[in-house]
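The residues making up each chain are set out below.
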Amino acid sequence: LVEQLRLALAGSGLDVLFQPIMPLHGEEHPQFQALVRLRGSGGQLHVAAELIPAAEQAGLLGAVDRWVLQHCIAQLGATPIAANRPRLFVSQSLASARDPHAIERLRELLERHAVDASCIVLELRSNDVLGAPGEVRHYAAAVQASGAALSLSGFGNTTDMRLLDALTPDYVKLDVDLLQRNDANANEDLRLLVDGLHERDVRVIAPCVEEASAVATLWTSGPDYIQGNFVQPADRGFAFDFGAAAW
């Protein structure tokens, strides 16, 4: 898999699919999560859960970050009418947060493709941030100063709340394990977490929503957005009617 990834970064084989992030409380500007995929030599489609550990082991995470970000911004630039360009959530790793040229590269890509920075949300994993809060604090401030937004994924425990003393993310994506709890206190704990995030003006995304029954629970718990196959499976384009789908 590592060798296939090296070849894909040097040529073709990597692809990015887009999954809509749907608002639960009214229509808003269209937004999608970018999801990297690798078409293997035998035709097998490898997802990020396979690719990221392999890339990390081989020291290729930074290269994957750069490829995905460049692809996303180029695709936004290819959308002919700027007003129709969605907001894209693009995952980045700790390797990018530590890269002294990352923000300069972001600005150069946006300028080259004539894309407004507000179309980009850079997303870091909460666990990565916990491992290097000082380095990430500098990176996060530079991201937001450039006009892009910041999101933290896998967010969902009391330790993560301490991250908000050092960072001011625009979005958090909740930990899937938190959403899958079914004990007596699960809904109340989720509501309290979401309320605490809203008090800090952080918008909240519930990922991996697969069934309508989950949406009913989330509606009462207060997240701002949902993402998952219940909304729409990931696809290559930006085809989704947010006006018709908004609750």
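Scroll up for the structure.
Residues numbered from 1 in each chain as written. Predicted model: local features only at pLDDT ≥ 70, side-chain atom pairs only at ≥ 80, totals over all residues. Heavy atoms only, no water.

## Regarding helix α2 (residues 48–57)
Inclusion rule: Per-residue accessibility, obtained with a 1.4 Å probe over protein chains only, is compared with the maximum for each type, and a residue is labelled buried under 20%, exposed over 50%, and partly exposed between these values. Secondary structure elements follow DSSP: runs of H or I no shorter than four residues count as helices, runs of E no shorter than two count as strands, and numbering proceeds from the N terminus. Our arc is simply the arc of the directions from the helix axis toward the C-beta atoms. Any pair of residues with heavy atoms lying within 4.5 Å of one another is described as a contacting pair.
L51, A54 and A55 are the residues of α2 that are buried. Projected onto a plane normal to the axis of α2, the buried residues spread over an arc of 100 degrees and lie on a single side. In this structure, α2 carries A49 and Q57 as exposed residues pointing more than 90 degrees from its buried face. Residues of α2 that are buried sit in contact with α1 (2–10), β1 (14–23), β2 (31–39), β3 (45–46) and α3 (61–78). Immediately beyond the C-terminal end of α2, within one or two residues, lies G59, with a positive phi of roughly 75 degrees.

## Things to note about the pattern of salt bridges
Here is the rule we go by: What counts as a salt bridge is simple: a side-chain nitrogen of Lys or Arg found within 4 Å of a carboxyl oxygen of Asp or Glu.
Under the defined criterion, the tally for this structure stands at eleven salt bridges. Residue E123 pairs with K173 through a salt bridge whose shortest N-O separation is 3.4 Å. Residue E123 is found in strand β5 (residues 120–125), and its partner K173 is found in strand β7 (residues 171–174); the two are separated by 50 residues along the sequence. Look at K173 and you get buried, because its relative accessible area is 6%.

## Observations regarding the layout of surface pockets
Rules: Think of a 1 Å grid over just the protein atoms. A cavity is a set of points where a 1.4 Å probe fits yet cannot get out, a pocket is an open set with protein on both sides within 12 Å along at least five of seven lines, and lining residues have an atom within 4 Å of a point. Grid points are joined across faces, edges and corners, and a volume is the space filled by probe spheres set on the points. Residues were grouped as follows: Ala, Val, Leu, Ile, Met, Phe, Trp, Tyr, Cys and Pro as nonpolar; Asp, Glu, Lys and Arg as charged; and all remaining residues, including Gly, as polar.
Estimates place the volume of the largest pocket at around 1,100 Å³. Lining the largest pocket are 38 residues, and of these L35, A48, S91, E123 and S153 sit closest to its centre. Among the elements that line the lining of the largest pocket, the one with the most residues is β2, at five residues. Taken as a whole, the second largest pocket holds about 280 Å³ of empty space. Lining the second largest pocket are 17 residues; nearest its centre among them are L179, Q180, R181, A214 and L218. Counting residues per element, the ones that place at least two in the lining of the second largest pocket are α9 (176–179), α10 (186–199) and α11 (212–221). Of the residues forming the lining of the second largest pocket, the biggest block, four residues, is contributed by α11. Within the lining of the second largest pocket, the residues separate by chemical class into ten nonpolar, four polar and three charged.

## A few points about the pairing of strand β8 (residues 203–206)
Remark: a regular strand shows side chains that alternate across the two faces of the sheet. Here is the rule we go by: For two strands to count as paired, DSSP must find a minimum of two bridges between them. When the strands point away from the viewer and the path from the first strand over the helix to the second turns clockwise, the crossover is right-handed.
One ladder, built from three bridges, connects β7 with β8; its direction is parallel. Bridged to Y171 within β8 is R203. Sheet topology places β8 next to strand β9 (residues 225–227); two bridges connect them, and they run parallel. Each bridged residue has a counterpart across the sheet, and for A206 the counterpart in β9 is I226. For the crossover from β8 across α11 to β9, the handedness is right-handed.

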